[in-house]
Amino acid sequence: MKVLIIEDETHALLHLENLLNSIDKSIVIENKFDTIRKSVEWLTTHPHPDLIFLDIQLADGISFQIFEQVEINVPIIFTTAYNEYALQAFKVNSIDYLLKPIDAEELSKSLAKYRRINQKIEIPDKKVFDKVLQLLTNQYKTRFLIKFGSQIKTVSIHEIYYFFSMEKLTFLQTNENASYSLDYSLDEVESLIDPQKYFRINRKYLISIDSIINISVYSNSRLKLKLKNCSNDEIIVSREKVNELKKWLD
């Protein structure tokens, strides 16, 4: 088995090398890199290995940036010092991860998992990276890539009045009164954007404070909103969200 290690901590790199050598003598470490730049240069000019060990936080940025520059179709085992909660999203995409300091038994399990599934492993899509990147860096999305017809463009978060769902699809509404569909569910959008700037008022609407024209009292202590660039005059804040909305507005 040929492996590539991308890791910027010298002691962590040596520890992983020693563990691999002790667990399986047939493993060949093809190369080792400590930056995104070096990794991309090598991956674009050499055949890819059977398996990659990849640290998430590298000296020159978050290692997910490698996937933006190189198409990688081999299994990856992430190595990280971050806690398990932040990385649960990887499990559903057949990608494993190891928490530092790496434990020999856990490494053996990861290698066994690799052998079971081998090349059938699925590389996670961009939505998974977006979610985990936000969890790890507390960086929220600043723009969305949208497609309309044969064209592709980006819409800045500052241009978006609100997000809404309709007929099982998710849309964004801009301050220029344009609507575009997204490849995210409304739940996914909510997890990726700054909660200080956007609020989920009910199952169908996620709004910015700039989108609100008017707030009025509705029946049963609920609230009704009038939004900019919105033809729906019956946008009701769900009862359980009323107090949270008031705190958000204050």
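What you see is a predicted model; the values in this text were computed from it and never measured.

## Here we look at the sheet that holds strand E2 (residues 28-33)
(1) Moving on: In space, the five strands of this open sheet follow the order E2-E1-E3-E6-E7, with parallel pairing throughout. Each edge of the sheet is formed by a strand with only one pairing partner; in this case those strands are E2 and strand E7 (96-99). The mean angle between the axes of side-by-side strands here comes to 20 degrees, regardless of whether they run parallel or antiparallel.
(2) Moving on: Pairing of strand E3 (residues 51-55) with strand E6 (residues 76-80) involves four bridges; the strand directions are parallel. Of the residues in E6, the one forming a bridge with Phe53 is Ile77.
(3) Moving on: Of the strands in this sheet, strand E1 (2-6), E2 and E3 are in contact with helix H1 (residues 10-23), which crosses E1 at around 165 degrees.

## Quick notes on the side chain of Ser63
(1) Moving on: Turning to its location among the elements, Ser63 is positioned in the loop between strand E5 (61-62) and helix H3 (65-69).
(2) Moving on: A residue is classified by how much of its surface remains accessible, and Ser63, at 0% relative accessible area, is buried.
(3) Moving on: Side-chain polar atoms of Ser63 contact the backbone oxygen of Asp55, separated by 2.9 Å.
(4) Moving on: Setting aside residues up to four positions removed in sequence, Ser63 forms contacts with Ile36, Leu54, Asp55, Ile56 and Leu58.

## Considerations on H1
(1) Moving on: Between its first and last C-alpha, H1 extends 20 Å over 14 residues, near the 20 Å set by a 1.5 Å rise per residue.
(2) Moving on: Among the residues making up H1, those that are buried are Ala12, Leu13, Leu16, Glu17, Leu19 and Leu20. Down the axis of H1, the sector holding all buried residues measures 165 degrees, keeping them to one side. Those residues of H1 that are exposed and angled more than 90 degrees off the buried face are Thr10, His11, Asn18 and Ser22.
(3) Moving on: On its buried face, H1 is in contact with E1, E2, E3 and helix H5 (104-117).

## Here we look at H5
(1) Moving on: Between its first and last C-alpha atoms H5 spans 20 Å; for 14 residues at 1.5 Å apiece the expected length is 20 Å, and the two agree.
(2) Moving on: Within H5, burial applies to Leu107, Ser110, Leu111, Lys113 and Tyr114. One side of H5 holds all its buried residues, which, seen down the axis, span an arc of 155 degrees. With respect to the buried face of H5, the exposed residues turned more than 90 degrees away are Glu105 and Arg116.
(3) Moving on: Looking at the packing, one finds that the buried side of H5 touches H1, E3, E6 and E7.
(4) Moving on: Of the residues that open H5, the one with a side-chain oxygen 3.0 Å from the backbone nitrogen of Glu105 is Asp103.

## Considering the pattern of salt bridges
(1) Moving on: Evaluated as defined, the whole model comprises 14 salt bridges.
(2) Moving on: Between Asp187 and Arg200 there is a salt bridge, with the nearest N and O atoms lying 3.0 Å from each other. Here Asp187, found in helix H7 (residues 186-192), pairs with Arg200, found in strand E13 (residues 198-200); they are 13 residues apart in sequence, far enough to count as distant.
(3) Moving on: The network of salt bridges with common partners includes Glu7, Glu9, Asp55 and Lys100.

## Focus: the sheet that holds strand E10 (residues 160-166)
What links the strands of a sheet is backbone hydrogen bonding, and the strands pair in either a parallel or an antiparallel sense.
(1) Moving on: The five strands lie next to each other as E12-E11-E10-E14-E13, forming an open sheet whose pairing is antiparallel. Lying at the two open borders of the sheet, with one neighbouring strand each, are strand E12 (179-182) and E13. When strand polarity is set aside, the average angle formed by the axes of neighbouring strands in this sheet is 20 degrees.
(2) Moving on: Note that E10 and strand E11 (residues 169-174) share six bridges and pair antiparallel. What sits directly across from Ser165, in E11, is Thr170.
(3) Moving on: Strand contacts of helix H8 (residues 242-249): E13 and strand E14 (205-208), with the helix running at about 170 degrees to E13, the strand carrying the most contacts.

## Some thoughts on the confidence of the model for the protein
(1) Moving on: Mean pLDDT over the protein stands at 85; residues scoring 70 or higher make up 86%.
(2) Moving on: Within the protein, no element has a lower average pLDDT than helix H4 (residues 88-91), which sits at 48, and none a higher one than E14, at 97.

## Some thoughts on the pairing of E3
(1) Moving on: Most of E3 sits inside the fold, with five of its five residues counted as buried.
(2) Moving on: Sheet analysis places E1 next to E3, joined by four bridges and oriented parallel. Counted as the bridge partner of Ile6 is Leu54 from E3.

## Thoughts on the side chain of Arg200
(1) Moving on: Of the residues examined, Arg200 reaches a relative accessible area of 11% and is grouped as buried.
(2) Moving on: Within the local environment of Arg200, its side chain forms a polar contact with the side chain of Asp187, the two groups lying 3.0 Å apart.
(3) Moving on: A polar atom in the side chain of Arg200 sits 2.8 Å from the side chain of Glu190.

Thresholds applied
Residues numbered from 1 in each chain as written. Predicted model: local features only at pLDDT ≥ 70, side-chain atom pairs only at ≥ 80, totals over all residues. Heavy atoms only, no water. Pairing = 2+ DSSP bridges. Helix = DSSP H or I, 4+ residues; strand = E, 2+ residues; numbered from the N terminus. Axes fitted to C-alpha atoms, helices over the stretch in contact; angles between N-to-C directions. Contact = heavy atoms within 4.5 Å. Buried < 20%, exposed > 50% of the residue type's maximum accessible area, 1.4 Å probe, protein only. Polar contact = N/O pair within 3.5 Å; in protein donor to acceptor, adjacent residues only side chain to side chain. Expected span 1.5 Å × (residues − 1). Arc of directions from axis to C-beta. Salt bridge = Lys/Arg side-chain N within 4 Å of Asp/Glu carboxyl O. pLDDT = per-residue confidence, 0-100.

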